[in-house]
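# Close look at the chain arrangement
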Amino acid sequence: MTMNDLVANYLTRVRNAIIAHHENVDAIPCSNVIVEISRVLKEEGYIKDYHVTQVGARRTISVDLKFYKGKNVISKIERISKPGRRIYAAADTVPYVRKGLGLAVISTSKGVLSDAKARELNVGGEVICRVW
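Remember, predicted model here, so these are calculated numbers, not experimental data.

### Considerations on the overall build of the protein
A count of helices and strands for the protein gives three helices and ten strands. Taken from the N to the C terminus, the helices and strands of the protein come in the order α-β-α-β-β-β-β-β-β-β-β-α-β. Seen along its three principal axes, the alpha-carbon backbone of the protein occupies a region of about 40 × 40 × 25 Å. Within the protein, counting contacts between residues at least 6 apart in sequence, those at least 24 apart form 59% of the total.

Rendered as structure tokens:
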């Protein structure tokens, strides 16, 4: 099965797991960008952990979701930049999500970063998704 947008697939599977109150999401096809998005989400405290598994040439990722007082830490996760319409932000216009209470994941020349880290390093790039 050919999949055009692995990032949208990843975000949708995580979103569906949150709605279904699952503790983890298994066997999501992955790429390097998805691994980096997961790294940013873990560093910012939105997920517990992630594990990459390789069987032959095929890589998959499993994500352990994080809960606080019985509720998932992620209340909403949405894709911003899509293959049909890319959304970019300059270094001085990196977006704030929920007035700083959320997180924007940005693909920059320095790698995939959170919005706060991108502002700190004064770099812009493609706005992949936002989480709160």
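### Notes on the side chain of serine 38
Mapping serine 38 onto the fold places it in helix 2 (residues 32-43). Residue classification places serine 38 among the buried positions, given a relative accessible area of 0%. Once residues lying within four places of it in the same chain are set aside, the contact partners of serine 38 are Tyr10, Ile47, Tyr50 and Ile61.

Cut-offs and rules
- Residues numbered from 1 in each chain as written.
- Predicted model: local features only at pLDDT ≥ 70, side-chain atom pairs only at ≥ 80, totals over all residues.
- Heavy atoms only, no water.
- Helix = DSSP H or I, 4+ residues; strand = E, 2+ residues; numbered from the N terminus.
- Contact = heavy atoms within 4.5 Å.
- Buried < 20%, exposed > 50% of the residue type's maximum accessible area, 1.4 Å probe, protein only.

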